Amino acid sequence: MLYRIATSYWARYALQIIPVLLIITFVIFFLVYIAGDPVGQRLGDNASPQQIADLREAMGLNRPFHVQYGEYMWNLVRGDFGESYMYGRDAMPIVLDRLPNTFLLGGAAMLISIAMAVPLGVLSATHKNSVLDVVVSGLAVVGKAIPNFWLGIMLILVLSVSLGLFPVSGSGSWAHLVLPAITLSGGVTAELTRVIRSNMLEVLNQDYIRTARSKGLPHQVVLYRHAFRNCLVPCITLLALTTPLVISSAIITESVFAWPGIGQLLVNAVTAADMAIVQAVVFVTALLIIAFNLAADILNKVIDPRIRFE
Amino acid sequence: MTATADFPQQRIMTEKHPPVLEVEKLQISFRGDDSSTTVVEDVSFTVGRGEVVGIVGESGSGKSVTSYGIMGVLPPNAEVTASKMFFAGAHDLVRLPSKKRRRLQGKEISMVFQEPLTSLNPLMSVGKQIAEPLRYHEKLSRKEAKRRTVEALRSVGIPRAEQTYSSYPHELSGGMRQRIMIAIALVCEPQLLIADEPTTALDVSVEAQILRLMKKLRRTTGTSILLITHDLGVIAEMADRVVVMYAGQVVEEAEVYELFREPRHPYTKALMASTPKIEEVRDELESIPGAVPTPSKMPTGCRFAARCPKAMEICSERPPEVELGSGAKTRCWLYAEQETGS
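Owing to the predicted nature of the structure, the values given are computational and were not obtained by experimental measurement.

## Concerning the interface of chain A and chain B
Reasoning step 1: Listed per partner, the contact involves 20 residues of chain A and 28 residues of chain B.
Reasoning step 2: The contact between chain A and chain B buries some 2300 Å² in all, and 56% of this surface belongs to carbon and sulfur atoms.
Reasoning step 3: Interface area lost by chain A to chain B is led by Arg210, Ser214 and Lys215 of chain A, which between them contribute 27%.
Reasoning step 4: Summed over the shared surface of chain A and chain B, the result is two salt bridges.
Reasoning step 5: The partner of Glu132 of chain B in a salt bridge is Lys215 of chain A, with the nearest N and O atoms 2.8 Å apart.
Reasoning step 6: Counting every contact that joins chain A to chain B gives 13 residue pairs in polar contact (both at pLDDT 80 or more).
Reasoning step 7: Elements represented by at least two residues in the side of chain A that touches chain B include exactly helix 9 (207-214) and helix 10 (219-227) of chain A.
Reasoning step 8: Looking at the side of chain A that touches chain B, the element that brings in the most residues is helix 9 of chain A, giving six residues.
Reasoning step 9: The class makeup of the residues in the side of chain A that touches chain B is six nonpolar, six polar and eight charged.

Here you go:
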């Protein structure tokens, strides 16, 4: 019985992914198509019309839209995202090489956000309208409002240039990770703190919290085991929903700190009109977002037995 | 003479053991933004060992707040004062530091709440919720706590106790959930069980089962029960002694037979008249005109005067608490001159 429900859920989830991927790939293709052709940029300003025409011919850019789209889709199905002209080899392996760096940065930022937002959110809910609550709420607004390229540059100026605590940019050691991770975590920390606070305020008024108190449990147990656990589902949903935001912030953060992840790769590829890389990065990003949403669904189901996969 | 005088029976008991709960001049107020509202005032009663005391009153009478105050689960903006609130003659519940108080909560004093669905944590299996007091108060191992929990599930009449251990609240029926609440409350064998409207949210047939269960458990464990209800039927079924509350005050206290045979306070009489009786055929049920005064507009005199059919001029002054012998008390001007026992 349970097996059947699960399988039908997975089956439907998989079926939902197909149209999503079709739409995403079409949009990627279409944007690249209307972005104009990369030939001019590659050959430079001094290219003769004959050279341009030859390269267009060689790249197949003068064929009709649907033929190009058909070939693109056929290549995608075979896992071929085209050859990067910056690197002179297949685009996808280049992107996958960079992916662990982005995961490292994103993971570190996520950990910082959770480590900050959970105690701050819980404390400002239990000390509602106190000085602490007002300060935390204020910081949350500021944290959400600060653009992270600015935050990144300020951190570099203060902590790296003036105080020399961390390297300015690049990668290679844990110290390199600190500033970009803090920069990337800012917005998520602010949003998560706010969500935890408002959910905790609601949960703390529930009858089952009174029951937990009537059992004489230690304060922290009531707070975390009974109250905070009931806030987890909205928090996880929020984290899943902010994945696209984190990825787009990572593009900026990686550029500011020269962190060699897919964000920096994407910016370089766009500047150089290396469309194979652009397509591969966007495709991987889309898959990541789908995967994180699925993971959030599963995690929520584990936490809340009332959620069913139907 | 407004001080409490024990009636003879009780005095015999108190000489050996102090009563489980002694409350004297309990007052509970809630701090608002700029003012404070008093919802319970001058409430005094005792619960003897093994006794079932019922607190009855309509919504807004302060009976639930009183029980939360005794249990220590009021929200942080509540202020509790009392000249005395002794548990087992030894612990002063008003002045007890919260850490020491937690050692009593769930262990010596425990509580069953009105709405079992919302009173159980939806994300925790019912077995774990029952085992929690055992783990924290009796420091039992996981395995031992589970064994005791399954025992507790059986004692509250839950079939297939082992399987139910890992069920979640939403998977159980209302009656089953209330049995779980009772199991949580009784798993550490407390001296005092506070039951706040334990059957109000349940079907009538389930209500009877739960009352029967509570009676049985009281017989086997000897737990004293403070039963909060608006239902005189439940009082008649369960209580040894009854405290009638109105607008945050105790208006009458008597043994259960005496109360039903001879209600003194006009409010108690009105309450009884508005309860349907099986031997009477009536088109319309009697009701008490008007409503309970709100805490902010509390009259200085008798709080029931505005709805009382026997209201007199003197009722605008604060009524005395009159001792009527045999432990019965009432707060009414009608009995002021009958005062006995000094």
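## Looking at the pattern of salt bridges
Reasoning step 1: Going through the model one piece at a time under the given rule, you end up with 32 salt bridges over all chains.
Reasoning step 2: Here Arg197 of chain A makes a salt bridge to Asp133 of chain A, at a shortest N to O gap of 2.7 Å. Of this pair, Arg197 of chain A sits in helix 8 (residues 174-204) while Asp133 of chain A sits in helix 6 (residues 131-145), and the two are 64 residues apart along the sequence. Like Asp133 of chain A, Arg197 of chain A is buried.
Reasoning step 3: Of the charged contacts, one joins Glu41 of chain B and Arg318 of chain B as a salt bridge, the two residues approaching to 3.7 Å between their closest N and O atoms. Taken as a pair, Glu41 of chain B in strand 2 (residues 36-47) and Arg318 of chain B in the loop between helix 12 (266-273) and strand 12 (321-323) lie far apart in primary sequence, 277 residues in all.

## Describing the nonpolar core
Reasoning step 1: Counting residues in each nonpolar core, the largest one holds 104 residues, and the members touching the most others are Phe45 and Leu226 of chain B.
Reasoning step 2: Per-element tally for this core: the top contributor is helix 8 (residues 174-186) of chain B, with seven residues.
Reasoning step 3: When neighbours within four sequence positions are excluded, Leu226 of chain B is seen to be in contact with Leu21, Phe45, Val47, Val53, Ile55, Ile70, Leu192, Leu193, Ile194 and Ala195 of chain B.
Reasoning step 4: Counting 32 residues, the second largest nonpolar core, distinct from the first, contains Ile196, Met200, Ile209 and Val221 of chain A.

## Quick look at the sheet that holds strand 10 (residues 241-246) of chain B
Residue and element names in this part refer to chain B.
Reasoning step 1: Overall, mixed pairing links the eight strands, which are arranged 7-8-9-3-10-11-13-12 in an open sheet. Strands with a single pairing partner mark the edges of an open sheet, and in this sheet they are strand 7 (109-112) and strand 12. Taking each pair of neighbouring strands and ignoring which way they run, the sheet shows an average axis angle of 20 degrees.
Reasoning step 2: Pairing of strand 3 (residues 52-56) with strand 10, which is carried by four bridges, proceeds in the parallel orientation. By the bridge assignment, Ile55 is partnered in strand 10 with Val243.
Reasoning step 3: Strands in contact with helix 2 (residues 63-71) are strand 3, strand 7, strand 8 (192-196), strand 9 (224-229) and strand 10; relative to strand 8, the strand with the most contacts, it is inclined by about 150 degrees.

## A short note on the layout of surface pockets
Reasoning step 1: Considered as a void within the structure, the largest pocket measures approximately 1400 Å³ in volume.
Reasoning step 2: Along the wall of the largest pocket there are 39 residues; nearest its centre are Arg213 of chain A together with Leu74, Pro75, Pro76 and Asn77 of chain B.
Reasoning step 3: If you tally residues by element for the lining of the largest pocket, the top one is helix 9 of chain A, at four residues.
Reasoning step 4: Broken down by class, the residue content of the lining of the largest pocket amounts to 19 nonpolar, twelve polar and eight charged.

## Points about the domain arrangement of chain A
Residue and element names in this part refer to chain A.
Reasoning step 1: Each assigned domain of chain A is listed with its residue range as follows: domain 1 (2-77) and domain 2 (100-303).
Reasoning step 2: The C-alpha-based centres of domain 1 and domain 2 are spaced at 32 Å.
Reasoning step 3: Listed per partner, the contact involves 14 residues of domain 1 and 14 residues of domain 2.
Reasoning step 4: Overall, the association of domain 1 and domain 2 removes approximately 1300 Å² of surface from exposure, summing both partners, and the carbon and sulfur fraction of that is 77%.
Reasoning step 5: Between domain 1 and domain 2 we count zero salt bridges in total.
Reasoning step 6: Connecting domain 1 to domain 2 are zero residue pairs in polar contact (both at pLDDT 80 or more).
Reasoning step 7: Among the secondary structure elements, those contributing two or more residues to the side of domain 1 that touches domain 2 are helix 1 (2-34) and helix 2 (39-43).

Cut-offs and rules
Residues numbered from 1 in each chain as written. Chains lettered and ligands numbered in written order. Predicted model: local features only at pLDDT ≥ 70, side-chain atom pairs only at ≥ 80, totals over all residues. Heavy atoms only, no water. Contact = heavy atoms within 4.5 Å. Buried area = accessible area lost by both parts, 1.4 Å probe. Salt bridge = Lys/Arg side-chain N within 4 Å of Asp/Glu carboxyl O. Polar contact = N/O pair within 3.5 Å; in protein donor to acceptor, adjacent residues only side chain to side chain. Helix = DSSP H or I, 4+ residues; strand = E, 2+ residues; numbered from the N terminus. Nonpolar A, V, L, I, M, F, W, Y, C, P; charged D, E, K, R; others polar. Buried < 20%, exposed > 50% of the residue type's maximum accessible area, 1.4 Å probe, protein only. Core = buried A, V, L, I, M, F, W, Y, C linked by side-chain atoms within 4.5 Å. Pairing = 2+ DSSP bridges. Axes fitted to C-alpha atoms, helices over the stretch in contact; angles between N-to-C directions. 1 Å grid on protein atoms, 1.4 Å probe; cavity = no way out; pocket = protein on both sides within 12 Å on 5 of 7 lines; lining within 4 Å. Points joined across faces, edges and corners; volume = space filled by probe spheres on them. Domains from an automatic or database assignment.

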